[in-house]
Every structure is written in structure tokens, then in C-alpha cells.
Amino acid sequence: MSAEPLGATGRSPVRRDVYGRARAVLGDPSPLACTVTLTAIQVARGGDGIDTLLRWITPELRDALARQHSLSRRAGRRGAPDARIVRARVCRVSRDAAEVSVIAAVGERTHPVAMRLEDWSGRWVVTVLDLG
């Protein structure tokens, strides 16, 4: 996969996919990372919303979140309505991958969240998610 430098137009670099089609490099993944974090915390604590994540997470992550959701529901939990993002930091490790660390607050407690996002067919997809 090759990349072309910024042109005179100032647009983002263009790269070629495996079929030779031109495609722009993906932008900042932090808004998606924050949304996935809040929804994943909600689901892990027994709330609804796993269906909204299906486009943005791998099937393995979906299965792990579904198991945690089931365990939380059996324990009587029904979500975390007061979850919020305190801070998010993005580190682009390559053109096709980014690692994000997020601090989320649920009530009075803070939780670290780490994730890896990768470029899958022109969109960010979370491939690793660690809810602390």
C-alpha cells in the first residue's frame, strides 16, 4: 500500500487499497473511541446498546461484551446512566491503526479503558477493548 504526499490542494494523503483504488487515510478516531467506551461500559454493566456497536467492534468483542452483559443482568444491574468521559488520548501507531486510552467516570469511580482501532475497509473498527 502506497501513500501519496499532500498535494497542492492540501487534502489528506491518498493511499491505495489492495485493489488499487485510491482511498484517503482515516481521520481522528477519538470521537468513535469515546462513543464505543460509553456504550461498552453501559453494556458491561447490564444496560442496552450492544446492537449499536456491531458495526464498530469485531465479532469476538461482541461475544465478550454479550457474556459480560448477561452476567451483569443476572447480578441485577441495569446499566450505568451517569457514565462520562474524563479524558481520551490517541496514539497513531501506524497509518492503519491507533491505540486509545480513555478515562471514564461512573458515579464517583473512574475506570481506565484501553482499545486498539484498525482500518477495516475504510472505517475504524475496535479490535481490542479492555475495560478496567
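In short, a report on the structure. Counting from 1, residues in each chain are numbered in the order their sequence is written. Thresholds applied to this predicted model are a pLDDT of at least 70 for local features of residues and 80 or more for the giving and counting of side-chain atom pairs; totals over whole chains, interfaces and linings are not thresholded and use all residues. Values shown for side chains rest on all heavy atoms present in the structure; no hydrogens or waters enter the calculation.

1. A closer look at the sheet that holds strand β7 (residues 123–131)
To keep it simple, the criterion reads: If DSSP finds at least two bridges between two strands, the strands pair. Helical segments are the DSSP runs of H or I of at least four residues, strand segments are the runs of E of at least two, and each set is numbered from the N terminus. Axes, fitted as lines to C-alpha atoms, cover a helix only where it is in contact. Angles between the N-to-C directions of the axes lie from 0 to 180 degrees. Contact between two residues is taken to exist if any of their heavy atoms lie within 4.5 Å; hydrogens are not considered.
The sheet built from 4 strands is open, its strands ordered β4-β5-β6-β7 with antiparallel pairing. At either end of the open sheet lies a strand with only one pairing partner, and these are β4 (83–94) and β7. The mean inter-strand angle of the sheet, taken between neighbouring strand axes irrespective of direction, is 25°. Relative to strand β5 (residues 97–106), β4 runs antiparallel, the two sharing 10 bridges. Counted as the bridge partner of C91 is E99 from β5. Against the sheet, helix α1 (residues 30–44) makes contact with β4, β5, β6 (109–120) and β7, and its axis sits at roughly 130° relative to β4, the strand it touches most.

2. Examining helix α3 (residues 59–74)
The periodicity of an α-helix, 3.6 residues per turn, causes residues three or four places apart in sequence to face the same way. Put simply, the rule is: Each helix should span, by expectation, one fewer than its residue count multiplied by 1.5 Å.
In this model, α3 (16 residues) spans 23 Å end to end at C-alpha, consistent with the 22 Å of a helix rising 1.5 Å per residue. Buried residues in α3 make contact with α1, α2 (50–53) and β7. G76 lies just past α3 and shows a positive phi near 95°.

3. Examining α1
For the record, the criterion: Relative accessibility thresholds used throughout: buried, under 20% of the residue-type maximum; exposed, over 50%; partly exposed, between the two (1.4 Å probe, protein chains only).
Taking 1.5 Å as the rise per residue, α1 with 15 residues should run 21 Å; its terminal C-alpha atoms sit 21 Å apart, in good agreement. Burial runs high along α1: 11 of the 15 residues are buried. Inspection of α1 places S30, L32, A33, C34, V36, T37, T39, A40, I41, V43 and A44 among the buried residues, and these make up the whole buried set. Those residues of α1 that are buried are in contact with α2, α3, β4, β5, β6 and β7. Backbone geometry just downstream of α1 places G46 in the positive-phi region, at approximately 95°.

4. Overview of the nonpolar core
Definition in use: Here, nonpolar core means buried Ala, Val, Leu, Ile, Met, Phe, Trp, Tyr and Cys residues that are tied together by side-chain atoms lying within 4.5 Å of each other.
Residues L65, M115, L117, V126 and L129 are the most contacted members of the largest nonpolar core, which totals 26 residues. Looking at this core, the elements with two or more residues in it are α1, α2, α3, β5, β6 and β7. In terms of residue count, α1 provides more of this core than any other element does, 7 residues in total.

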